[in-house]
Amino acid sequence: MKIAIMGAMPEETAPLLERVGEYTVHEFAGNKYYEATYKGHDLIIAYSKIGKVFSTLTATTMFQKFGAELLLFSGVAGAINPKLKIGDLIAATKLAQHDLDITAFDHPHGFVPEGKIFIEADASLVAKAMDVAKEMGLTLMEGTIATGDQFIADPVKNKWIGDTFNADALEMEGASVACVCDAMNIPFFILRAISDAADMDASFSFDKFLKSSAVQSANFIIKMVEHIE
């Protein structure tokens, strides 16, 4: 099986490339894609750059140009649910775009006609992740992730996103990748390690804990690959 593994930043994919060892680099549409083999699987690894547009482009390229059949996303996120602390892991069961707003036309936040507010991740991959977490002796929360083209460092905005979407964490790529996967019938799994609390100290916490949280997420994703048949 050819598996796509995405991150948004080089810090999120560097630990993956270290684990796979040898790889071939391809340049396409202003980005680099890394092909490798690991535990009997063909992998295509890339960081998209930050935000919904770049992540949509990267995910589409991984499927259309490189033939990926399944997508795993490794990265970091800000916490909304107070149970999530820095370094904790959350697997998205569903995702929404918190900054999508055509409420002027009486639609709810996150919805557009012919679309839907929430896109659900592949249930079998989420279940597999729970087994992996148990094997690794880690706690993995299942929950809703909200995505938007904004770095949230405002407790008021954090609370609004949590209340509006019943979200547990927020980031800047997951729901856009989910939209691509949903449209193309590609199974996907999105994992995030908490790097900050999306509050007034978010930028400081993000810079301090980005690398360690990214490594935590990447190690988990590599173990997921080992369990995919």
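Remember, it's a predicted structure, so these values are computed and weren't measured experimentally. (Residues numbered from 1 in each chain as written. Predicted model: local features only at pLDDT ≥ 70, side-chain atom pairs only at ≥ 80, totals over all residues. Heavy atoms only, no water.)

K.L.:
Would you explain the overall build of the chain in this entry?
P.N.:
Along its length, the chain carries six helices and ten strands. For the chain, the C-alpha radius of gyration of 16 Å lies close to 17 Å, the compact-globule estimate for 229 residues. Across its three principal axes, the chain shows a C-alpha extent of roughly 50 × 35 × 30 Å. Out of the 229 residues in the chain, the part that is buried amounts to 51%. Within the chain, counting contacts between residues at least 6 apart in sequence, those at least 24 apart form 78% of the total. Working note: accessible area of the chain is about 10300 Å², and carbon and sulfur atoms make up 52% of it. Seen as two clouds, the 19 positive and the 31 negative side-chain charges of the chain have centres 3 Å apart. (Helix = DSSP H or I, 4+ residues; strand = E, 2+ residues; numbered from the N terminus. Rg over C-alpha atoms; globule rule 2.2 N^0.38 Å. Buried < 20%, exposed > 50% of the residue type's maximum accessible area, 1.4 Å probe, protein only. Contact = heavy atoms within 4.5 Å. Areas by Shrake-Rupley, 256 points an atom, 1.4 Å probe, with all protein chains shown as cover. Lys, Arg positive; Asp, Glu negative; His and termini not counted. Charge placed at Lys NZ, Arg CZ, Asp CG, Glu CD.)

K.L.:
Any chance you could explain the nonpolar core here in plain terms?
P.N.:
Side chains of nonpolar character tend, in soluble globular proteins, to be buried together. Leu71, Leu72, Phe188, Phe189 and Phe220 are the most contacted members of the largest nonpolar core, which totals 67 residues. With eight residues, the top contributor of residues to this core is helix H6 (residues 202-227). Beyond its immediate sequence surroundings of up to four residues, Leu71 is in contact with Ala4, Met6, Ala59, Phe63, Val177, Cys181, Ile186, Pro187, Phe188 and Phe189. (Core = buried A, V, L, I, M, F, W, Y, C linked by side-chain atoms within 4.5 Å.)

K.L.:
Help me understand the side chain of Ser55, please; the structure alone is not making it clear to me.
P.N.:
Tracing the backbone through its elements, the reader meets Ser55 in helix H2 (residues 52-64). Taking relative accessible area as the criterion, Ser55 reaches 0% and is therefore assigned buried. Within the structure, Ser55 has its side chain in polar contact with the backbone oxygen of Gly51 (distance 2.9 Å). If sequence neighbours within four positions are ignored, Ser55 has contacts with Met6, Ser48, Lys49, Glu173, Ser176 and Val177. (Polar contact = N/O pair within 3.5 Å; in protein donor to acceptor, adjacent residues only side chain to side chain.)

K.L.:
When you look at the state of the cysteines in this model, what are you seeing that I'm missing?
P.N.:
Such a bond, covalent and formed between the sulfur atoms of two cysteines, is termed a disulfide. With the rule as written, the count across this model stands at zero disulfides. Not part of a disulfide, Cys179 finds its nearest cysteine sulfur in Cys181, a span of 9.4 Å. Given the relative accessible area of 1%, Cys181 is considered buried. (Disulfide = S-S within 2.5 Å.)

K.L.:
Sorry if this is basic, but what is going on with the packing of aromatic side chains here?
P.N.:
Pairs of aromatic rings are described using the distance from one ring centre to the other and the angle between the two planes. Taken as a whole, this structure holds four aromatic pairs when the rule is applied. Here a set of aromatic residues connected by ring pairs shows up, and it is made of Phe118, Trp160 and Phe165. Over the ring of Phe54 we find Lys49, and its NZ or CZ is 4.9 Å from the ring centre. Its end group placed over the ring of Phe118, Lys94 keeps NZ or CZ at 4.4 Å from the ring centre. (Phe/Tyr/Trp six-rings, centres within 6.5 Å; stacked < 30°, edge-to-face > 60°. Lys NZ or Arg CZ within 6 Å of the ring centre and 35° of its normal.)

K.L.:
I keep staring at helix H4 (residues 155-165) and nothing clicks. Help me out?
P.N.:
In an α-helix there are 3.6 residues to a turn, and that puts residues three or four apart on one side. Here H4 has its buried residues at Asn158, Ile161, Gly162 and Phe165. The buried residues of H4 occupy an angular sector of 95° when projected down its axis, which confines them to one face. Residues Val156, Lys159 and Asp163 are exposed on H4 and point more than 90 degrees away from its buried face. In this structure, the buried residues of H4 make contact with strand E5 (70-79), strand E6 (89-97), strand E8 (140-147) and strand E9 (169-171). Between the side-chain oxygen at the start of H4 and the backbone nitrogen of Val156 there is a gap of 2.9 Å, and the oxygen is on Asp154. Once H4 ends, the next one or two residues include Asn166, with phi positive near 50°. (Arc of directions from axis to C-beta.)

K.L.:
How should H2 be read in this particular structure?
P.N.:
Between its first and last C-alpha atoms H2 spans 18 Å; for 13 residues at 1.5 Å apiece the expected length is 18 Å, and the two agree. Taken residue by residue, H2 has Lys52, Ser55, Thr58, Ala59, Thr61, Met62 and Phe63 as its buried positions. (Expected span 1.5 Å × (residues − 1).)

K.L.:
Is there a simple way to think about the environment of Asp131 in this case?
P.N.:
Position of Asp131 relative to the elements: it lies in helix H3 (residues 123-136). The class for Asp131 is exposed, based on a relative accessible area of 52%. Between the C-alpha atoms of Asp131 and His98, which are 33 residues apart in sequence, the distance is 30 Å.

K.L.:
Mind showing me how you'd approach the pairing of strand E2 (residues 24-28) here?
P.N.:
Regular strands have side chains that alternate between both faces of the sheet. By the bridge criterion, five bridges tie E2 to strand E3 (residues 31-38) in an arrangement that is antiparallel. Along E3, the bridge assignment pairs Glu27 with Lys32. As consecutive antiparallel partners, E2 and E3 are separated by two residues, and within that stretch Ala29 has a phi angle of approximately 50°, a positive value. (Pairing = 2+ DSSP bridges.)

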